[in-house]
Amino acid sequence: MPAKPFTALACPLDGAPLQRQGGSLRCPDGHCFDLAAQGYVNLLPVQNKRSRDPGDSKEMVAARRRFLEAGHYKPIADAVAQAVLADAVPGRTLTCLDAGCGEGYYLRQLAAAGDALPLALLGLDISKWAVQAAAKRDLHTAWVVGSNAGLPVLPATLDRVLCMFGFPVYTEFARVLRRGGELLQVDAGPDHLRELREVIYPTLKPERPAARQMPPGFEPLGTDTLRFQIHVDGASPIADLLAMTPHLYRATAEGRARAAALTALTMTVDVRLGRYRRLPD
């Protein structure tokens, strides 16, 4: 079924609805945001940037794209797509935001899994390089440069919000979800990429008991654990994996050098998929 246009974008300056006018999006007060040649729109006001070029660099985005397209995290994408589509109503458009979409891998996998359903998808990331890469690959999804701290989305318009290894802002997620809408949050478990961490760090810190706080405005629907092994063959793919994790910056130069010397590595993928339903106000 053809993808549906995402029509619930909001002006980042005043929160008013944005409407397409030619090659721009405009709100009733006249704020105008031009669509880039690749098809995305930048809705991150300069005053909300903490740096000149926030988010992942062009090189980090390319590394993530190569690693994910090799299929190493396909079981995660499949589990997320299944959770998103589980209660979809046949014939009714399901609206979904990936808040921190990176180069768009998980939304592309969702679109493929839900090709029999009408989906209106929005990918948002603070990195313009990530959004550019995503827009080049998928012309049917709406792609936006923006921040989770101030989502440029109208209130109570979404059925699902994804937060994949990202930075959740629960008040914003609750604001944009409809009553009964769901947040799906994927986080690393205690053994995630343990074998790589054992290479780059002298010792691993003892794992603290999981104590995720209940997101305000939500009720839990359950948490699933997903564990599997991946084998990464070649120094370049291992370097790509390291580049898409926080460990690239946390490791010492010596730790990064040990990782760079690897030619193959089998690792544990250990993630938690939490589902939460938006409570009524």
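What you see is a predicted model; the values in this text were computed from it and never measured. (Residues numbered from 1 in each chain as written. Predicted model: local features only at pLDDT ≥ 70, side-chain atom pairs only at ≥ 80, totals over all residues. Heavy atoms only, no water.)

Q: Explain the overall build of the chain to me, please; I cannot follow it from the model alone.
A: When its secondary structure is counted, the chain shows nine helices and 11 strands. Rg of the C-alpha trace for the chain: 19 Å, near the compact-globule value of 19 Å for 281 residues, within the 12% margin. A burial count over the chain gives 48% of its 281 residues as buried. By sequence separation, contacts in the chain at least 24 residues apart represent 71% of the contacts at least 6 residues apart. (Helix = DSSP H or I, 4+ residues; strand = E, 2+ residues; numbered from the N terminus. Rg over C-alpha atoms; globule rule 2.2 N^0.38 Å. Buried < 20%, exposed > 50% of the residue type's maximum accessible area, 1.4 Å probe, protein only. Contact = heavy atoms within 4.5 Å.)

Q: Would you mind going over the nonpolar core with me for this structure?
A: Generally speaking, nonpolar side chains in soluble globular proteins are found buried as a group. Y73 and I76 are the most contacted members of the largest nonpolar core, which has 50 residues in total. Ranked by residues supplied to this core, first place goes to helix 2 (residues 74-85) with seven residues. I76 has contacts with Y106, M164, F165, V186, L226, F228, V269 and V271, leaving out every residue within four places of it along the chain. (Core = buried A, V, L, I, M, F, W, Y, C linked by side-chain atoms within 4.5 Å.)

Q: What should I look at first to understand unusual backbone geometry in this one?
A: Glycine aside, residues mostly have negative phi, and peptide bonds are mostly found in the trans state. For A156, which is not a glycine, the phi torsion comes out positive at approximately 55 degrees. Following the sequence through the fold, A156 ends up in the loop between strand 7 (142-145) and strand 8 (158-164). A positive phi angle is found at L193, which is not glycine, with a value near 55 degrees. Inspection of the secondary structure puts L193 in the loop between strand 9 (177-188) and helix 6 (194-200). Judged by relative accessible area, which is 2%, L193 ranks as buried.

Q: Would you mind going over helix 2 with me for this structure?
A: Two residues of an α-helix separated by three or four positions point the same way, owing to the 3.6 residues in each turn. A rise of 1.5 Å per residue sets the reference length of helix 2, with its 12 residues, at 16 Å; its end C-alpha atoms lie 16 Å apart and thus fit the reference within 8%. Every buried residue belonging to helix 2 is among I76, A77, V80, A81, A83, V84 and L85, and all of these are buried. (Expected span 1.5 Å × (residues − 1).)

Q: Explanation requested: the packing of aromatic side chains in the structure shown.
A: The relative placement of two aromatic rings is captured by the distance of their centres and the angle of their planes. For the coordinates displayed, the defined rule picks out four aromatic pairs. Each ring, one from Y105 and one from Y106, has its centre 5.1 Å from the other, and the planes form 80 degrees; the classification is edge-to-face. Considered together, Y105 and Y106 belong to a single accessibility category, that of buried residues. Chaining the aromatic ring pairs together yields one cluster made of F67, Y73 and F165. (Phe/Tyr/Trp six-rings, centres within 6.5 Å; stacked < 30°, edge-to-face > 60°.)

Q: Just checking my understanding: could you explain the pairing of strand 11 (residues 264-278) for this structure?
A: On a regular strand, each side chain points to the face opposite its neighbour's, so the side chains alternate between the two faces of the sheet. With 11 of 15 residues buried, strand 11 is to be regarded as a mostly interior element. Pairing between strand 9 and strand 11: seven bridges, direction antiparallel. Its bridge partner lying in strand 11, A188 is registered against V271. Pairing analysis gives 15 bridges linking strand 10 (residues 218-233) to strand 11, with the strands arranged antiparallel. (Pairing = 2+ DSSP bridges.)

Q: It is not clear to me how the pattern of salt bridges should be interpreted in this structure. Could you clarify?
A: Two side chains of opposite charge can pair, provided their charged atoms sit close to one another. Evaluated as defined, the whole model comprises 19 salt bridges. A salt bridge links R178 to D159; the shortest N-O distance between them is 2.9 Å. Pair noted here: R178 is in strand 9 and D159 is in strand 8, with a separation of 19 residues, a long-range link. Given a relative accessible area of 27%, R178 falls into the partly exposed group. Using a relative accessible area of 8% as the deciding quantity, one classes D159 as buried. (Salt bridge = Lys/Arg side-chain N within 4 Å of Asp/Glu carboxyl O.)

Q: Honestly, the sheet that holds strand 1 (residues 19-21) in this entry has me stumped. Any pointers?
A: The strands making up a sheet associate through backbone hydrogen bonding, with each pair oriented either parallel or antiparallel. Strand order in the open sheet made by the three strands is 1-2-3, with antiparallel pairing throughout. With one partner strand each, in any of the chains shown, strand 1 and strand 3 (32-34) form the two edges of the open sheet. If you compare each strand with its neighbour and ignore which way they point, the axes differ by 30 degrees on average. Where strand 1 meets strand 2 (residues 24-26), three bridges bridge the pair, whose relative direction is antiparallel. Considered in strand 2, the bridge of Q21 is made with S24. (Axes fitted to C-alpha atoms, helices over the stretch in contact; angles between N-to-C directions.)

Q: Before we go on, may I ask you to explain the environment of V199 in this structure?
A: Looking at the secondary structure, you find V199 in helix 6. Spatially, the C-alpha atoms of V199 and Q185 are 28 Å apart, while their sequence positions differ by 14 residues. Setting aside its immediate chain neighbours within four residues, V199 contacts R258, A259 and L262.

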